[in-house]
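# Tertiary structure, described
Residue-level listing of the chains:
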Number of protein chains: 2
Amino acid sequence: MVVDESKQNPTEGDAAQSKKAAKKLAKEAEKKQKKAEHKAASQPAEAPADEGVDCSVGKYGTMKLIQSTGEFCDRIFTDVKTLDAGFAGKNVWVRGRLHTSRAKGKQCFFVIRQQSSTVQCLIAVSPESNISKQMVKFCGSISKESIIDVEAQVVRVTVPIDSCTQKTVELHVSQTFLISPAKSQLPLLIEDASRPEKSDDPEALKIRVNQDTRLDNRVLDLRTPANQAIFRLEAGVCKLFRDILTAKGFVEIHTPKIISAASEGGANVFTVSYFKGSAYLAQSPQLYKQMAIAADFDKVFTVGAVFRAEDSNTHRHLTEFVGLDLEMAFKFHYHEVLNTIGQTFTDIFRGLRDNYAAEIAAIGQQYNVEAFKFLDPPLRLEFPQAIEMLKEAGVTVGAEDDLSTPDEKLLGKLVKAKYDTDFYMLDKYPLAVRPFYTMPDPFNKIASNSYDMFMRGEEILSGAQRIHDAEFLTERAKHHNIDLSKIAAYIDSFRLGCPPHAGGGIGLERVVMLYLGLDNIRKTSMFPRDPKRITP
Amino acid sequence: MVVDESKQNPTEGDAAQSKKAAKKLAKEAEKKQKKAEHKAASQPAEAPADEGVDCSVGKYGTMKLIQSTGEFCDRIFTDVKTLDAGFAGKNVWVRGRLHTSRAKGKQCFFVIRQQSSTVQCLIAVSPESNISKQMVKFCGSISKESIIDVEAQVVRVTVPIDSCTQKTVELHVSQTFLISPAKSQLPLLIEDASRPEKSDDPEALKIRVNQDTRLDNRVLDLRTPANQAIFRLEAGVCKLFRDILTAKGFVEIHTPKIISAASEGGANVFTVSYFKGSAYLAQSPQLYKQMAIAADFDKVFTVGAVFRAEDSNTHRHLTEFVGLDLEMAFKFHYHEVLNTIGQTFTDIFRGLRDNYAAEIAAIGQQYNVEAFKFLDPPLRLEFPQAIEMLKEAGVTVGAEDDLSTPDEKLLGKLVKAKYDTDFYMLDKYPLAVRPFYTMPDPFNKIASNSYDMFMRGEEILSGAQRIHDAEFLTERAKHHNIDLSKIAAYIDSFRLGCPPHAGGGIGLERVVMLYLGLDNIRKTSMFPRDPKRITP
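Residues numbered from 1 in each chain as written. Chains lettered and ligands numbered in written order. Predicted model: local features only at pLDDT ≥ 70, side-chain atom pairs only at ≥ 80, totals over all residues. Heavy atoms only, no water.

This part is about the packing of helix 10 (residues 335-355) of chain A against helix 11 (residues 357-366) of chain A. All names here are of chain A. In the contact formed by helix 10 and helix 11, the axes pass within 5 Å of each other and the chain directions differ by 75°. Here helix 10 is positioned roughly perpendicular relative to helix 11, judged by the angle of their axes. Across from Leu-352, Arg-353 and Asn-355 in helix 10, the residues of helix 11 making contact are Ala-357, Glu-359 and Ile-360. Among the residues forming the contact of helix 10 with helix 11, the class breakdown is 3 nonpolar, 1 polar and 2 charged. (Axes fitted to C-alpha atoms, helices over the stretch in contact; angles between N-to-C directions. Helix = DSSP H or I, 4+ residues; strand = E, 2+ residues; numbered from the N terminus. Parallel < 35°, antiparallel > 145°, perpendicular 65-115°, else oblique. Contact = heavy atoms within 4.5 Å. Nonpolar A, V, L, I, M, F, W, Y, C, P; charged D, E, K, R; others polar.)

Put into structure tokens, the structure is as follows:
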């Protein structure tokens with residue numbers, strides 16, 4: 001132990017410490033370790049006396065709580081996903097979950113799962129190999145989802161094992177230790193939670209696990225191969241967003257979530273008790289992004305929690321979600337920003353397609369995932385074009401009306417049919433349906449320099465050129481009947497010289513949901529929050 | 001305009017749209033643009049009538065609000081930081097802030113600042129060059145911190161301009177437009193806010209800008225070269241943290257900030273009104289990180305806001321800060337995790353030193369920044385060693401006592417003197433001073449498998465091996481007199497099989513503060529929150 005440690009921390013070695021002292025310490029440690037190992041080994045499973053002499057003593061049992069004693073630190077483990085015929089004949093240690101188990105007379109077949117990978121294991125009574133009846137029985141008694149260590153020989157199989165991801169080999173087990181038990185009655189089974197939704201087998205439909213059961217038992221639910229992949233892909237979206245913007249010269253900032261005044265007028269905002277007063281949870285980082293622009297950071301992004309106290313119980317609303325926000329100064333036209341955002345999306349989609357193919361495939365095993373189509377550069381339509389397309393499809397939308405959710409979905413279908421893309425940008429929204437700080441269009445008094453972006457017909461970004469002039473901002477706020485005293489600080493921040501700028505906010509969970517074509521945003525939030533759920 | 005757009009969006013071109021129609025659109029756009037340009041150019045400064053004919057009409061003035069008309073989009077701008085003798089003789093457009101300005105008879109010297117870069121500009125009355133008295137006067141009248149566009153010839157200078165970052169050239173201005181004015185009475189001057197703190201000139205000390213004035217006017221304060229660099233470096237710490245861990249196989253997760261039960265016992269937690277009920281703001285993502293481990297994510301990190309309702313008004317406490325948290329399953333010894341964290345820090349320090357030298361130098365212009373010393377691999381000490389070192393220095397700490405803040409600082413100095421490092425890990429804290437979920441040491445009943453990490457003698461990470469066994473966790477919670485009913489969900493999450501794991505939480509703002517040796521955490525939080533401040 002001490003020897004290992006001092007190897008890793010040579011600097012720790014005090015110059016004054018003699019070699020002799022070090023040797024002494026090493027010896028003591030060795031003694032300690034041997035003693036500990038003996039203790040562990042001498043803790044066998046509770047074998048009933050009537051089964052005779054147990055020739056497997058010390059080769060199986062419940063491992064005592066791993067408390068970092070220094071024992072077994074030299075044991076080398078092999079990842080399940082790497083196991084293939086190249087390992088044939090070798091002895092390996094594997095730690096994983098007991099996925100399924102089937103005891104049958106003198107043998108027990110079981111499957112070990114490690115994240116999305118599975119391998120078949122076999123243990124059979126064999127006096128020559130010192131595998132006792134008791135040991136096989138012990139293996140058969142371990143409850144599913146428990147974490148176990150096995151030592152085993154890797155054996156090539158002649159018939160591929162279809163039920164496992166590692167099809168060419170199985171493990172012939174010589175030692176088994178229970179590391180951490182799962183309770184025997186689980187609230188859901190991983191097999192059930194993993195069942196393909198696309199299956200039209202009525203039996204399979206019956207044993208589907210419903211959403212609330214999944215979310216109530218999220219620790220179990222997250223173990224399905226699809227969920228393992230969904231959250232790795234979600235991490236990928238964040239990574240791509242940040243890497244792409246950083247390469248374009250953006251700076252990451254962090255904005256406060258606790259704010260003194262409701263950022264967008266006071267509706268739908270959570271109140272926090274703050275010492276003797278009260279405060280609010282930010283609905284967006286917009287004011288702070290804009291302040292960073294006024295403070296010369298030029299191009300900024302931020303990734304963080306945003307909060308909406310909306311009592312919306314839909315498939316696409318959360319009360320807390322992860323915002324991917326960006327804001328950027330431009331020289332003369334907000335399309336400098338619009339095109340930057342559009343290109344960022346195209347690059348994210350390309351990155352997902354190229355670097356997360358395995359995750360997308362794993363999710364496709366459970367859900368109907370249609371490949372996401374995108375164009376490079378992305379499609380930009382203007383609002384009147386959208387109205388025209390909808391009109392042609394028989395839906396009338398007024399020139400100053402917003403699009404309803406069904407309109408947006410229909411439009412998504414029309415755009416897909418015409419342009420073969422699941423992503424597009426809709427520019428030039430009516431001024432009347434946008435917030436007061438939106439820059440009006442310079443030529444068309446009913447239009448504005450604002451845009452939404454869509455994936456599979458659902459909005460995932462809303463943005464605009466912001467008004468960067470305090471006087472004009474005041475005028476627009478008055479026009480919207482906004483109480484000027486409540487937004488004085490916001491308006492004043494534009495009296496210190498501010499470049500023209502535009503930006504937008506993206507909902508991470510929506511991007512992942514719509515990229516994959518999933519039907520509920522709760523599938524892409526690890527621990528979702530909605531009006532009815534704040535646990536686990 | 002439309003031509004440009006369709007170039008950027010070739011996919012937008014409807015197949016049905018004929019070339020003829022496109023040409024027509026282009027022509028219309030050109031007409032529109034010309035009209036707009038004429039309008040802009042014909043908006044001169046308000047020159048008093050008695051100054052005679054103005055030969056500079058159209059070459060200066062207040063630019064009308066930039067509303068994305070399509071005008072001037074072909075104007076190419078040059079970054080101040082790139083201006084050097086290589087540009088001599090060339091004409092450039094520059095957009096930046098008026099940093100300082102000095103009108104003197106028929107000429108006006110001014111400095112344009114762009115983030116941390118500055119360049120000297122000169123405009124002088126010259127009938128040959130069509131530079132009028134009125135134009136020079138206009139330039140002299142622009143208030144500091146306004147955003148301006150200038151067109152100018154780059155001229156090499158013979159005597160280096162010490163007061164600017166671009167020392168070898170100056171700009172001889174031919175056009176000047178005010179893009180966004182700053183009000184004339186600013187609450188603080190960037191020159192004052194940038195003044196070196198290390199200066200022992202008593203005059204300089206007098207005109208220092210105090211912290212509250214800075215924070216009340218953060219948009220201005222953030223424009224100083226030191227602040228521009230501090231927040232770029234902070235972005236660098238986040239980027240390095242994530243990149244290093246991602247390369248080690250960690251997965252980024254997002255954990256909820258709104259929680260149903262106070263995560264660490266209920267003290268120091270903010271309450272949120274949640275629809276008809278109430279909830280809390282998470283003091284740490286710990287439970288969720290641990291659940292992710294129990295859900296087989298193996299190694300996870302998360303970067304996000306954490307909240308502490310502590311009424312601590314010190315140089316190093318915030319009520320909201322950015323947590324860099326990680327959690328990792330291990331096989332047999334938590335030092336697998338400890339060493340991973342330690343190496344992550346070493347790699348971050350190396351990345352900052354190698355990739356952020358310019359930022360560190362810029363901060364050093366204002367503050368005393370001593371180079372941060374670190375070892376590779378990092379130093380690990382054990383708690384009894386720390387007590388011994390303190391004892392030798394005349395300070396007595398009990399074997400089961402925690403270290404006080406002064407003890408920690410002294411220890412930092414002793415460690416620096418002995419090992420020449422500003423970073424070290426202190427392992428094996430007394431069990432008595434750690435939370436109930438901390439794994440006890442297997443050999444020493446007063447010790448635990450827990451650690452803190454320090455930078456320049458201040459704690460920046462606290463972590464431990466967590467108890468992953470529900471029964472033992474219950475036993476420890478009882479020992480701490482914790483109400484079991486309040487932590488039932490936490491304990492139950494370990495009944496589904498959980499690998500041994502350890503982790504830690506890092507305060508981002510503290511890391512940046514201590515890396516740079518700054519004296520207050522408010523210097524490294526863009527919009528700090530403390531018991532007395534939730535604005536701006």
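Still more ground to cover, so stick around.
Residues and elements named next belong to chain A. All of the buried residues in helix 14 (residues 470-479) are Ala-470, Phe-472, Leu-473, Thr-474, Arg-476 and Ala-477. Buried-residue contacts for helix 14 involve helix 15 (488-492). Residue Asp-469 occupies the N-cap position of helix 14, its side-chain oxygen lying 3.2 Å from the main-chain nitrogen of Glu-471. Looking one or two residues beyond helix 14, the residue adopting positive phi is Asn-481, at roughly 60°. (Buried < 20%, exposed > 50% of the residue type's maximum accessible area, 1.4 Å probe, protein only. Polar contact = N/O pair within 3.5 Å; in protein donor to acceptor, adjacent residues only side chain to side chain.)

Turning our attention to the pairing of strand 10 (residues 277-281) of chain A. Residue and element names in this part refer to chain A. Relative to strand 10, strand 8 (residues 258-259) runs antiparallel, the two sharing 2 bridges. Considered in strand 10, the bridge of Ile-258 is made with Leu-281. Pairing geometry for strand 9 (residues 271-274) and strand 10, over 4 bridges, is antiparallel. Of the residues in strand 10, the one forming a bridge with Thr-271 is Tyr-280. The loop that links strand 9 with its antiparallel partner strand 10 comprises 2 residues; one of these, Phe-275, has a positive phi angle of about 50°. (Pairing = 2+ DSSP bridges.)

This next bit is on the sheet that holds strand 7 (residues 251-252) of chain A. Strand order in the open sheet formed by 8 strands is 7-11-12-17-16-15-14-13 (chain A), with mixed pairing between adjacent strands. Strands at the two margins of the open sheet, each flanked by one partner only, are strand 7 and strand 13 (379-382) of chain A.

Turning our attention to helix 16 (residues 508-516) of chain B. With 9 of its 9 residues buried, helix 16 of chain B lies for the most part within the structure. Among the residues trailing helix 16 of chain B, Gly-517 of chain B stands out with phi positive, at a value near 70°.

With that out of the way, let us pick up the relation of the copies chain A and chain B. Mapping chain A onto chain B leaves a residual RMSD of 0.0 Å; the transformation is a rotation of 180° accompanied by 0.0 Å of translation along its axis. One copy is carried onto the other by what is essentially a two-fold rotation axis. Taking C-alpha positions as reference, the residue of chain A nearest the rotation axis is Val-272 of chain A, located at 2.2 Å. Interface residue correspondence from chain A to chain B reaches 99%, placing this contact among same-surface, isologous pairings. (Least-squares fit on C-alpha atoms with pLDDT ≥ 70 in both.)

A separate point is the pattern of salt bridges. Under the criterion given, the structure shown has 67 salt bridges over all chains. The partner of Asp-376 of chain A in a salt bridge is Arg-350 of chain A, and the shortest N-O contact between them spans 2.4 Å. With Asp-376 of chain A in the loop between helix 11 and strand 13 and Arg-350 of chain A in helix 10, the pair connects residues that are 26 residues apart, well separated along the chain. For Arg-350 of chain A, a relative accessible area of 25% translates into the label partly exposed. A salt bridge links Lys-373 of chain B to Asp-420 of chain B; the shortest N-O distance between them is 3.3 Å. Remark: Asp-420 of chain B occurs in the loop between helix 13 (405-419) and strand 14 (423-427) and Lys-373 of chain B occurs in the loop between helix 11 (357-366) and strand 13 (379-382); sequence separation between them is 47 residues. Overall, Asp-420 of chain B belongs to the partly exposed group, its relative accessible area being 37%. (Salt bridge = Lys/Arg side-chain N within 4 Å of Asp/Glu carboxyl O.)

To continue, consider the interface of chain A and chain B. Listed by partner, the interface residues are 126 residues for chain A and 126 residues for chain B. Summing the contributions of chain A and of chain B, the shared interface buries around 10700 Å²; its carbon and sulfur component is 62%. Connecting chain A to chain B are 6 salt bridges. One salt bridge connects Arg-242 of chain A with Glu-252 of chain B, and the closest N-O pair in it is separated by 2.9 Å. Applying the counting criterion to the chain A and chain B interface returns 60 residue pairs in polar contact (both at pLDDT 80 or more). At 11 residues, the largest contribution of residues to the side of chain A that touches chain B is made by helix 8 (residues 225-247) of chain A. Residues of the side of chain A that touches chain B, tallied by class, amount to 64 nonpolar, 28 polar and 34 charged. (Buried area = accessible area lost by both parts, 1.4 Å probe.)

Structurally, a disulfide amounts to a covalent bond that connects the sulfur atoms of two cysteines. Applying the stated criterion across every chain yields a total of 0 disulfides over all chains. The cysteine Cys-108 of chain A is free of any disulfide, with Cys-139 of chain A supplying the nearest cysteine sulfur at 5.9 Å. (Disulfide = S-S within 2.5 Å.)

With that settled, the discussion passes to the side chain of Asp-296 of chain B. Considering the arrangement of structural elements, one finds Asp-296 of chain B in the loop between helix 9 (286-294) and strand 11 (299-307). Within the local environment of Asp-296 of chain B, its side chain forms a polar contact with the side chain of Arg-113 of chain A, the two groups lying 3.4 Å apart. With near-sequence residues (within four places) excluded, Asp-296 of chain B lies in contact with Arg-97, Arg-113, Gln-115, Arg-223 and Gln-228 of chain A.

All names here are of chain B. The strand order 7-11-12-17-16-15-14-13 describes an open sheet built from 8 strands, whose pairing is mixed. Looking along the sheet, the strands with just one partner apiece sit at the ends: strand 7 (251-252) and strand 13. Sheet topology places strand 12 (residues 320-329) next to strand 17 (residues 501-507); 7 bridges connect them, and they run antiparallel. Looking at strand 17, one finds that Leu-324 is bridged to Ile-506. Across the face of the sheet, helix 9 comes into contact with strand 11, strand 12, strand 16 (458-466) and strand 17 while running at roughly 25° to strand 12.

It is worth spelling out unusual backbone geometry at this point. Residue and element names in this part refer to chain A. Backbone torsion omega between Thr-535 and Pro-536 reads -5°, so that peptide bond is classified as cis. If you trace the backbone, Pro-536 turns up in the segment after helix 16 (508-516). In this structure, Phe-72 is a non-glycine residue whose phi angle is positive, near 65°. Looking at the secondary structure, you find Phe-72 in the loop between strand 1 (60-62) and strand 2 (91-104).

According to the stated counting rule, one finds 47 aromatic pairs over all chains in the structure shown. When the ring of Tyr-288 of chain A is compared with that of Phe-527 of chain B, the centres are 4.8 Å apart and the planes differ by 65°; the resulting orientation is edge-to-face. Here the residue Tyr-288 of chain A occupies a position in helix 9 (residues 286-294), and Phe-527 of chain B occupies one in the segment after helix 16, the pair thus bridging two chains. The class of Tyr-288 of chain A is buried, set by a relative accessible area of 5%. Overall, Phe-527 of chain B belongs to the buried group, its relative accessible area being 3%. For the ring pair Phe-349 of chain A and Phe-372 of chain A, a centre distance of 4.6 Å and an interplane angle of 45° mean the geometry is tilted. Taken together, the residues span a long stretch of sequence, with Phe-349 of chain A in helix 10 and Phe-372 of chain A in the loop between helix 11 and strand 13 at a distance of 23 residues. Exposure class is identical for Phe-349 of chain A and Phe-372 of chain A. Each is buried. Every member of this aromatic cluster is reached through a ring pair, and the members are Phe-345, Phe-349, Phe-372, Phe-374, Phe-423 and Tyr-515 of chain A. Note that Lys-90 of chain B overlies the ring of Phe-87 of chain B, its terminal NZ or CZ placed 5.7 Å from the centroid. A cation over a ring is seen here: Lys-331 of chain B above Phe-77 of chain A, with NZ or CZ 5.3 Å from the ring centre. (Phe/Tyr/Trp six-rings, centres within 6.5 Å; stacked < 30°, edge-to-face > 60°. Lys NZ or Arg CZ within 6 Å of the ring centre and 35° of its normal.)

Residues and elements named next belong to chain A. Relative orientation of the contacting elements helix 12 (residues 383-392) and helix 13 (residues 405-419) amounts to 90°, with a least axis distance of 10 Å. As far as their axial angle goes, helix 13 and helix 12 are roughly perpendicular. Residues Ala-386, Met-389 and Leu-390 of helix 12 touch helix 13, and the partners they reach there are Asp-407, Leu-410, Leu-411, Leu-414, Val-415, Lys-418 and Tyr-419. Along the lines of polarity and charge, the residues of the contact of helix 12 with helix 13 split into 8 nonpolar, no polar and 2 charged.

Turning next to the confidence of the model for chain A. Residues and elements named next belong to chain A. When pLDDT is averaged across chain A, the result is 91; 88% of the residues are at 70 or more. For the stretch residues 1-18, pLDDT sits under 50, and the model shows 30 contacts to residues farther than four places along the chain or on other chains. For residues 36-42, every residue scores under 50 in pLDDT, and the model assigns this stretch 7 contacts once sequence neighbours within four places are set aside. Scoring of the predicted complex yields 0.91 for pTM and 0.91 for ipTM. (pLDDT = per-residue confidence, 0-100.)

Our focus in this paragraph is the side chain of Asp-296 of chain A. You can call Asp-296 of chain A buried: its relative accessible area is 10%. In contact with Asp-296 of chain A, other than residues within four places in its own chain, are Arg-97, Arg-113, Gln-115, Arg-223, Gln-228 and Arg-232 of chain B.

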